[in-house]
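Geometric and topological summary
Here are the chains, one letter per residue:
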Protein chains: 2
Amino acid sequence: MSFAIFLPPQVANQKVPSLYWLSGLTCTAENFTIKAEAQRYAAEHGLMLVAPDTSPRGAGIAGEDESFNLGTGAGFYVNATTPKWSAHYRMYDYVTQELPELIKSQFPVQADGEAIFGHSMGGHGALICALKNPGRYRSVSAFAPICAPSVSGLGKKAFHECLGDGPAAWARYDTHQLLPGASERLPLLADQGDHDEFLSELMPDKLSEVCAESHHPLTLRMQAGYDHSYYFVASFVKDHIEHHAVALLA
Amino acid sequence: MSFAIFLPPQVANQKVPSLYWLSGLTCTAENFTIKAEAQRYAAEHGLMLVAPDTSPRGAGIAGEDESFNLGTGAGFYVNATTPKWSAHYRMYDYVTQELPELIKSQFPVQADGEAIFGHSMGGHGALICALKNPGRYRSVSAFAPICAPSVSGLGKKAFHECLGDGPAAWARYDTHQLLPGASERLPLLADQGDHDEFLSELMPDKLSEVCAESHHPLTLRMQAGYDHSYYFVASFVKDHIEHHAVALLA
């Protein structure tokens with residue numbers, strides 16, 4: 001597995017908190033690194049950035065390279081349970097356990113200072129990682145997250161293939177279904193462009209509804225004129241880094 | 001010809017100055033747009049950014065796609081004079097005349113407020129455009145410019161192919177040879193990484209020497225640890241935009 005890491009200059013003198021970025025469909029560990037413009041702000045605040053890949057690569061599973069929303073580049077941050085995918089596609093364990101353990105063993109990182117954010121499929125990933133691990137992350141945020149992958153055209157194919165067909169299995173990795181049971185009121189920050197070409201499949205309205213019903217703190221900012229691209233991410237990444245810095249440096 | 005343009009929000013109310021970016025070998029109009037992180041600062045200062053491509057594409061000239069430093073992606077911002085290249089490869093005219101005229105006819109740009117900068121081959125391009133057109137540009141700067149293309153392994157192949165073999169023809173497009181005859185003392189700003197993998201072919205020492213001999217104002221910043229990549233550009237683009245904003249908004 002490849003990942004990208006940015007070490008801020010503060011590591012010369014101290015351990016620093018880590019902020020994980022989960023990327024969207026079709027991305028590698030490079031998209032965030034090249035396009036998001038986050039390093040400058042991470043350097044200012046003294047945050048380590050860690051950006052994993054979005055799936056295993058070259059696993060040799062039939063059909064893994066045929067769809068943009070299944071297999072390579074589309075791990076959806078779940079642990080697959082079907083025989084076809086379960087040997088390799090365990091991205092949930094990878095981003096919440098295996099990779100953080102590797103980072104802690106190799107880099108000067110604060111053991112108890114982690115936060116997570118992401119874009120699109122990675123926004124979904126960031127939200128479920130936070131919701132499923134109360135107390136683990138100091139903060140969470142998302143750009144254009146897939147808020148309800150079990151009912152979205154973006155998510156259903158991978159959920160069906162990787163998790164089988166039980167609704168309960170899908171619900172364990174779906175923000176809008178996890179949220180009512182959340183035992184921690186970690187505030188959610190999400191930005192969403194209103195010209196996003198995937199808006200109808202991202203379903204921010206479901207996030208708003210479930211947060212309102214559950215009295216879960218949510219700041220959902222609908223950004224006028226913005227699309228789904230990394231230009232959108234770059235335009236607001238400063239705000240997100242500051243959101244995480246406040247929590248991580250408190 | 002493709003080009004990229006960024007319009008700052010100030011165009012809603014006024015004409016704005018334009019800052020041209022010339023890219024390096026192998027680049028298209030997209031590298032700067034995606035990787036340089038310049039838009040944020042251009043927006044703050046109210047500058048239009050214009051990034052042309054680095055050569056014609058698909059001209060159909062034998063060998064145009066065979067070398068990274070000749071033909072496609074390697075126009076070197078010269079007007080070719082050899083029969084093989086001269087019909088299409090006229091990038092000097094394109095970036096100093098044809099494209100600015102198009103921009104002025106289509107976008108709300110100040111007619112007399114132009115500046116220019118670039119990277120590597122594009123740093124060379126920015127410097128020669130400024131040196132060859134006294135009074136035309138308000139300011140100029142460069143990242144890791146090819147300072148002496150007529151004696152550099154990066155430039156000699158294209159100069160030979162496109163300009164023939166006369167030393168005088170090469171000198172007309174070579175910063176270190178143009179500079180002693182410069183009729184305008186436009187201050188030069190250049191950043192250069194000291195871990196740049198092309199350092200020996202970029203020859204910033206020749207730029208230093210000729211500026212010292214000619215009493216030409218030069219700020220050459222050797223940046224410790226930086227390579228030739230757009231991460232280097234992104235790390236210092238804020239300073240360059242401010243350099244140009246001071247001149248363009250005076």
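What counts as what
- Residues numbered from 1 in each chain as written.
- Chains lettered and ligands numbered in written order.
- Predicted model: local features only at pLDDT ≥ 70, side-chain atom pairs only at ≥ 80, totals over all residues.
- Heavy atoms only, no water.
- Salt bridge = Lys/Arg side-chain N within 4 Å of Asp/Glu carboxyl O.
- Buried < 20%, exposed > 50% of the residue type's maximum accessible area, 1.4 Å probe, protein only.
- Contact = heavy atoms within 4.5 Å.
- Buried area = accessible area lost by both parts, 1.4 Å probe.
- Polar contact = N/O pair within 3.5 Å; in protein donor to acceptor, adjacent residues only side chain to side chain.
- Helix = DSSP H or I, 4+ residues; strand = E, 2+ residues; numbered from the N terminus.
- Least-squares fit on C-alpha atoms with pLDDT ≥ 70 in both.
- Pairing = 2+ DSSP bridges.
- Right-handed = clockwise from strand over helix to strand, strands pointing away.
- Axes fitted to C-alpha atoms, helices over the stretch in contact; angles between N-to-C directions.

1. A closer look at the pattern of salt bridges
Summed over all chains, the structure comprises 18 salt bridges over all chains. Among the ionic pairs, B:Arg90 bridges to B:Asp93, the shortest N-O distance being 3.1 Å. Owing to a relative accessible area of 22%, B:Asp93 belongs among the partly exposed residues under this scheme. A single salt-bridge network, built from bridges that share partners, covers A:Lys104, A:Glu114 and A:Arg136.

2. Comments concerning the interface of chain A and chain B
Taken together, the contact between chain A and chain B spans 11 residues of the former and 11 residues of the latter. The largest share of the area that chain A buries against chain B comes from A:Ile34, A:Glu37 and A:Arg40, three residues that together contribute 55% of it. The interface formed by chain A and chain B includes zero salt bridges. Connecting chain A to chain B are four residue pairs in polar contact (both at pLDDT 80 or more).

3. Side note on the side chain of B:Ser23
Of note, B:Ser23 is situated in the loop between strand 2 (16–22) and helix 1 (30–35). Ignoring sequence-local partners within four residues, the contact set of B:Ser23 consists of B:Thr28, B:Phe32, B:Thr54, B:Tyr77, B:His119, B:Met121, B:Gly122 and B:Tyr230.

4. A look at the relation of the copies chain A and chain B
Least-squares fitting of chain A to chain B yields an RMSD of 0.0 Å, with the superposition described by an axial translation of 0.0 Å and a rotation of 180°. In symmetry terms, the pair is related by a two-fold rotation axis. Both copies contact each other with a shared surface, as 100% of the interface residues of chain A are interface residues in chain B too.

5. Here we look at the pairing of strand 5 (residues 140–143) of chain B
Residues and elements named next belong to chain B. Residues Val140 and Ala142 of strand 5 are buried on one face, and the alternating residues Ser141 and Phe143, pointing to the opposite face, are buried as well. Inspection of the sheet shows strand 4 (residues 109–119) paired to strand 5 by four bridges, in the parallel sense. Considered in strand 5, the bridge of Phe117 is made with Ser141. Taking the sense of rotation as the criterion, the β-α-β connection linking strand 4, helix 4 (residues 121–132) and strand 5 turns out right-handed. Pairing analysis gives four bridges linking strand 5 to strand 6 (residues 188–193), with the strands arranged parallel. Residue pairing in the sheet places Phe143 in a bridge with Asp191 of strand 6.

6. A word on the environment of A:Ala87
Checked against the element boundaries, A:Ala87 lands in the loop between strand 3 (48–52) and helix 3 (91–106). As for A:Ala87 and A:His244, which are separated by 157 residues in sequence, their C-alpha atoms are 34 Å apart.

7. Regarding the sheet that holds strand 4 of chain B
Residues and elements named next belong to chain B. Ordered in space as 1-3-2-4-5-6-7, the seven strands form an open sheet in which the pairing is mixed. The two strands at the open ends of the sheet, each matched to only one other strand, are strand 1 (3–6) and strand 7 (218–223). When the angles between neighbouring strand axes are averaged without regard to direction, this sheet yields 20°. Relative to strand 3 (residues 48–52), strand 1 runs antiparallel, the two being bridged by four bridges. From the neighbouring strand, Ala4 faces strand 3, where its bridge partner is Ala51. Contacts from helix 4 reach strand 2, strand 4, strand 5 and strand 6 within the one sheet, and its direction differs from that of strand 4 by about 140°.

8. As for the sheet that holds strand 1 (residues 3–6) of chain A
All names here are of chain A. The mixed open sheet is built from seven strands, whose spatial order is 1-3-2-4-5-6-7. Bordering the open sheet on either side are strand 1 and strand 7 (218–223), each of which pairs with just one other strand. On average, each strand axis in the sheet is inclined to that of its neighbour by 20°, with strand direction left out of account. Lying on the sheet, helix 4 (residues 121–132) is in contact with strand 2 (16–22), strand 4 (109–119), strand 5 (140–143) and strand 6 (188–193); it crosses strand 4 at an angle near 140°.

Just distances and angles here, no functional claims.
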